[in-house]
Amino acid sequence: MQDTKKEFGNVLIVGLGMIGGSFAKSLKQQGLATLYGADRRAGELTLGVSTGVIDHPAQLDEATISNMDIIILATPVRAMESVLTEIKPFIKPTTLVTDVGSTKGSVVAAAVKVFGEAPANFIPGHPIAGAEKSGVLAANPHLFEKHMAIITPLPYSDPTLLDRLHRLWRAVGADVVSMDVEHHDHVLAASSHLPHLLAYTLVDALANAERSQDIFRFAAGGFRDFTRIASSDPVMWRDVFLANKEATLTTLDLFTDRLAEMRQAIVDGDGASMYGVFTRAKSARDHFLRLLEQRTLGKPQEKQVSISVGPASAINGDVKLIGDKSLSHRALIMAALAQGVSELVNVDLAGDVKVTMQALRDMGVVIEEFGYGSVRVHGVGRKGLRAPIAPINVHNSATSLYLLAPVLAGQAFPVEVVCEDALLNTPFTHLLALLKSVDADVISATADCLPFKFTPAQLSPLSTALPGPASSRLMSSAVILSLFSERDGCFESELAFDEQVRALFASFGVSVKGEKSFTVQCESVSGANLELPADMQQALWSVLLATILPGSALQLEGVARHGRMNVLLEVLQQAGAKFVWLGEPLGVFNTQTLRVVFAPLKAFTLTVEQSYELREFVSLLAALAVYAEGESQFEGIPQLPYFYEDRITTLMDGVNHIGGAIEWHAGTLIIQGCPPQGGDLDSAGNELVALAFLLLAARCRNGATVRDCQKLLAQIPNLEEIATALGLKCSVHS
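Residues numbered from 1 in each chain as written. Predicted model: local features only at pLDDT ≥ 70, side-chain atom pairs only at ≥ 80, totals over all residues. Heavy atoms only, no water.

1. Considering the overall build of the protein chain
Within the protein chain, the regular secondary structure consists of 26 helices and 34 strands. Projected onto the principal axes, the alpha-carbon positions of the protein chain cover approximately 95 × 60 × 55 Å. Classification of the 734 residues of the protein chain by burial places 51% in the buried group. Considering only residue pairs separated by 6 or more positions, the protein chain has 74% of its internal contacts joining residues 24 or more positions apart. Element-wise, carbon and sulfur atoms account for 53% of the exposed surface of the protein chain, whose accessible area totals about 31,800 Å². For the protein chain, the distance from the average site of its 59 positive side-chain charges to the average site of its 78 negative ones is 4 Å. (Helix = DSSP H or I, 4+ residues; strand = E, 2+ residues; numbered from the N terminus. Buried < 20%, exposed > 50% of the residue type's maximum accessible area, 1.4 Å probe, protein only. Contact = heavy atoms within 4.5 Å. Areas by Shrake-Rupley, 256 points an atom, 1.4 Å probe, with all protein chains shown as cover. Lys, Arg positive; Asp, Glu negative; His and termini not counted. Charge placed at Lys NZ, Arg CZ, Asp CG, Glu CD.)

2. Concerning the pairing of strand 33 (residues 704-707)
With 3 bridges connecting them, strand 9 (residues 306-309) and strand 33 associate as antiparallel partners. From the neighbouring strand, V309 faces strand 33, where its bridge partner is A704. Where the polypeptide runs from strand 32 (residues 679-682) across helix 24 (residues 687-697) and back to strand 33, its parallel neighbour, the crossover connection is right-handed. (Pairing = 2+ DSSP bridges. Right-handed = clockwise from strand over helix to strand, strands pointing away.)

3. A look at the sheet that holds strand 34 (residues 730-733)
In spatial order, the strands read 32-33-9-34; together these 4 strands make up an open sheet with mixed pairing. The outermost strands of the open sheet, each flanked by one partner alone, are strand 32 and strand 34. Averaged over neighbouring strand pairs, the angle between their axes works out to 20 degrees when direction is ignored. Alignment of strand 32 against strand 33, held across 4 bridges, turns out to be parallel. Looking across to strand 33, one finds that L681 is bridged to V706. (Axes fitted to C-alpha atoms, helices over the stretch in contact; angles between N-to-C directions.)

4. Looking at the packing of aromatic side chains
Counted under the stated rule, the structure contains 11 aromatic pairs. Judged by centre distance (6.4 Å) and plane angle (70 degrees), the rings of F452 and F454 are edge-to-face. Neither F452 nor F454 differs from the other in exposure class; each is buried. One aromatic cluster in this structure is built from Y402, F428, F452 and F454. Directly above the ring of F370 sits R376, whose terminal nitrogen or CZ lies 4.4 Å from the centroid. The ring of Y612 carries R615 above its face, with NZ or CZ at 4.2 Å from the centroid. (Phe/Tyr/Trp six-rings, centres within 6.5 Å; stacked < 30°, edge-to-face > 60°. Lys NZ or Arg CZ within 6 Å of the ring centre and 35° of its normal.)

5. So, the pairing of strand 23 (residues 553-560)
Both strand 10 (residues 316-320) and strand 23 contribute to a ladder of 5 bridges, which runs parallel. Of the residues in strand 23, the one forming a bridge with G317 is L554. Alignment of strand 23 against strand 25 (residues 591-597), held across 6 bridges, turns out to be antiparallel. Within strand 25, the position partnered with V559 by the bridge is Q592.

6. Some words on the pattern of salt bridges
Scanning all chains against the criterion turns up 18 salt bridges. Among the ionic pairs, K104 bridges to D99, the shortest N-O distance being 3.0 Å. D99 gets classed as buried once you look at its relative accessible area, which sits at 0%. Residue R707 is joined to D680 by a salt bridge in which the shortest nitrogen-to-oxygen separation is 2.9 Å. (Salt bridge = Lys/Arg side-chain N within 4 Å of Asp/Glu carboxyl O.)

7. Things to note about the sheet that holds strand 22 (residues 529-531)
Strand order across the open sheet formed by 4 strands is 12-13-11-22, with mixed pairing between neighbours. Either end of the sheet is taken by a strand with one partner, and the two such strands are strand 12 (366-371) and strand 22. This sheet shows a mean twist of 20 degrees between the axes of neighbouring strands, independent of strand direction. Examined bridge by bridge, strand 11 (residues 339-345) and strand 22 share 3 bridges and lie parallel to one another. Residue pairing for strand 22: E343 is matched across the bridge by N529.

8. With respect to the packing of helix 15 (residues 398-409) against helix 17 (residues 472-482)
The contact between helix 15 and helix 17 brings their axes to 8 Å, and the two run at 20 degrees. When the axis of helix 15 is compared with that of helix 17, the two are roughly parallel. Regarding helix 15 and helix 17, the two cross each other, and that crossing is right-handed. In this structure, helix 15 contributes A398, T399, Y402, L403, P406, V407 and A409 to the contact, and helix 17 contributes R473, L474, S476, S477, I480 and L481. (Parallel < 35°, antiparallel > 145°, perpendicular 65-115°, else oblique. Left-handed = near helix turned anticlockwise from the far one by under 90°.)

9. Here's the deal with the environment of I322
With respect to the secondary-structure elements, I322 resides in the loop between strand 10 and helix 13 (325-337). Judged by its relative accessible area of 11%, I322 is buried. As for I322 and V571, which are separated by 249 residues in sequence, their C-alpha atoms are 24 Å apart. Beyond its immediate stretch of four places on either side in the chain, I322 contacts N346, V347, D348, Y372, G373, P533, A534, D535 and Q538.

10. Section: helix 5 (residues 105-115)
All buried positions along helix 5 are accounted for by S106, V107, V108, A110, A111 and V114. On the buried face of helix 5, the contacting elements are helix 4 (80-87), strand 5 (96-99), helix 7 (181-207) and helix 10 (234-243). Directly beyond the C-terminal end of helix 5, a positive phi value near 90 degrees is found at G116.

11. What about helix 14 (residues 352-362)?
Within helix 14, 8 of the 11 residues are buried, which leaves it mostly tucked inside the rest of the structure. Looking at the residues trailing helix 14, positive phi occurs at G364, about 95 degrees.

12. As for the state of the cysteines
This model, assessed by the stated rule, comprises 0 disulfides. Take C419: it sits in no disulfide, and the sulfur closest to it among the cysteines is that of C449, at 8.2 Å. Judged by its relative accessible area of 11%, C419 is buried. C490 takes part in no disulfide bond, and the closest cysteine sulfur, belonging to C522, lies 14 Å away. (Disulfide = S-S within 2.5 Å.)

13. Things to note about unusual backbone geometry
Each neighbour pair has its own omega, and for L450 with P451 the value is 10 degrees, a cis peptide bond. In this structure, N346 is a non-glycine residue whose phi angle is positive, near 65 degrees. Relative to the elements of secondary structure, N346 occurs in the loop between strand 11 and helix 14. Overall, N346 belongs to the buried group, its relative accessible area being 10%.

None of the figures reported here should be taken as evidence of function without further support.
Next up, the structure:
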């Protein structure tokens, strides 16, 4: 009877229902074991053999039990004690005994009652998989694939058999995790048991309601989806609730308290509270769906996207661009920390800004979208955020990290920040130094990389010199961090504070005074109504397109003329660009309309200071220099952070590949004015390089195709629409 050739030998399934049958069928089809089945229903055993689920029917007697290598108890949880009592006299110490019950405390208690203490070869388990169908005919050999299997080892479990149980679950396709018994029962009470209880109770209540016939007659897909699990086996779920009584009641009390709050919100007509619950719930469910998708499908493969640009375009018209991306991040965060409601207009809600917005929503901030680029943010105050259900994921957005980190350092709950892709290997030494200068309790991974773990701490007043020249993001981090101590914050920086960012903070009641030595003062953060100026990156791209394309005459609305935009325009004037400001300055950001026309360009230079201050725009300016007569020189590029130099290297490769002339010489970037012929340009997945290549391609003699543009389109999803409005001949294709 003993089978020594198959990996798991002889395996007995006690209870040949859908779960036990699926387990048996998977092992049998893979040839990993000889399968035996025991069930009080003789008909299920007969079907099990005839349908190929098991090899042999069996009884719970000495002849069977003493020859088993693995015994899987797939009976209802209330039957565990009876089954264990029956097989106890015949179990060998080397036989692995496990179960698939959805409660673990009651199963361990049954084992203790039968054996005196749970034996070392008894190791409970539970697959997070199932269906409404029951019986051996519902057996599905793929049921456990890409699903979780939870193992709950006991302190004295046999390590060899525990390892075997892990291998057994992996063999049927499950992702195996371990946790203690009590934690399992509370987690399952919330994630599985309570939803079943609600579904059963709702259907029963409505079935006995006065209008029950019409209720069921007109119920649609939402009712069907919510109540689907009420078609599960009633006997099994009765046993589950009796077996997991305490954990279920704890979870049920939490739910009824929240339900009472929701009822009161309806009574009071408190729409903001209701919207907050709905927003947080949607965020939590979206998080669950993302986890489920990753578990079942793996990380989605990014589809390669290219943009082709035809020659002989001219840029004309009157265009209003979406709001500045960096200001959008800051405006959302300040509105969330404010007391009262803020209305933000012309906010860029794409790309990285979505990361910041999602993080705020995950922490309970109600953000309503009421039009393209328009949001209404219900502020919760500086310390009114709620603990998220999962780590904050900043994905690949360094800006989100810089601006959220000081907020998280000042909260009353612990939280972890994780990331993806290239950000995983990026050190954030300066940001961590800033946080620790105020005694923030933050732990990072090796080499100052993410993930970060924040623990609540009493923050000291900010008084530090930022490592220089500090980025605008780090200076904004310092301002936000100052809001979480009892006194004004002070910091020093070699660079001037961006005037647009200063204006944004001021509109929420935060005063940033000084030049190079700054003081942050704030009595209270108040809600604000703002219209953000045009995004600087997109505005510069549009201005440069109009400058290099003959026949162009463009008017850009809502452009803020102070701060770095002034520095950029000074550089463009040096190159011979033609533009004029129209109308009077408007709003907090003193926005105006900027009119630009085609102009023959001459070579220009960037000083070391200009290269650093305009580092985000250097790729676009380098592409512009290709169309300027003479030799342009950019100083200080090697002193920029490494990733800026990587962008320039990619840009150089592309320019030279299609007939331009650009090179390094003694640390200086030298660009010869030499309009290229055209061809293929590979942006290496960098959105700023892709934008510069589109500028370059716009005047290539034969047009050009820019490849690997998917990140650019993630940041500017309506890029093709913007190009069409401008008059640029381009098309997006996979």
